[in-house]
Amino acid sequence: LRIPLIGVIPESESVLDASNQGLPAVHLQGTDVSEAYGDVVGRFLGETRPMRFTEAVKPGFFKRMFGAR
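So, here's what we can say about the structure. (Residues numbered from 1 in each chain as written. Predicted model: local features only at pLDDT ≥ 70, side-chain atom pairs only at ≥ 80, totals over all residues. Heavy atoms only, no water.)

**Focus on the environment of aspartate 39**
Positionally, aspartate 39 belongs in helix H2 (residues 32-44). You can call aspartate 39 buried: its relative accessible area is 8%. It is 6.6 Å that separates the C-alpha atoms of aspartate 39 and arginine 49, two residues lying 10 residues apart in sequence. (Helix = DSSP H or I, 4+ residues; strand = E, 2+ residues; numbered from the N terminus. Buried < 20%, exposed > 50% of the residue type's maximum accessible area, 1.4 Å probe, protein only.)

Written as structure tokens, this is what we have:
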């Protein structure tokens, strides 16, 4: 689409935790999700921030064989 990417929000269980507590995920300090949203907002406002969370974490052998629990 030739639209510049301004950020990546990682998939995280902290979003579910925030939802269960009735809080926006950005208010959970120290989580990858809140940091990612902060990066996106900063870039939107013109700040220069490094692009994080762009590399997918590959599951190990046992996780591929037996699945995540």
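**With respect to a nonpolar patch on the surface**
On the surface, a cluster of nonpolar side chains totalling about 440 Å² of accessible area is made up of Ile6, Val41, Phe44 and Leu45. Assignment of secondary structure puts leucine 45 in the loop between H2 and helix H3 (61-66). A relative accessible area of 64% places leucine 45 in the exposed class. (Patch = residues over 30% accessible without salt bridge, like charges linked within 9 Å, V, L, I, M, F, W, Y side chains within 5 Å. Areas by Shrake-Rupley, 256 points an atom, 1.4 Å probe, with all protein chains shown as cover. Salt bridge = Lys/Arg side-chain N within 4 Å of Asp/Glu carboxyl O.)

**Observations concerning the pattern of salt bridges**
Counted by the stated rule, this structure contains 4 salt bridges. For the salt bridge of glutamate 35 with arginine 52, the shortest nitrogen-to-oxygen distance reads 3.1 Å. Here the residue glutamate 35 occupies a position in helix H2, and arginine 52 occupies one in the loop between H2 and H3, the gap between them amounting to 17 residues. Of the charged contacts in the structure, one is a salt bridge between arginine 49 and glutamate 47, with a shortest N-O distance of 2.8 Å. Overall, the relative accessible area of 41% leaves glutamate 47 in the partly exposed class. Bridged by salt links that share partners, the residues Glu35, Asp39, Glu47, Arg49 and Arg52 form one connected network.

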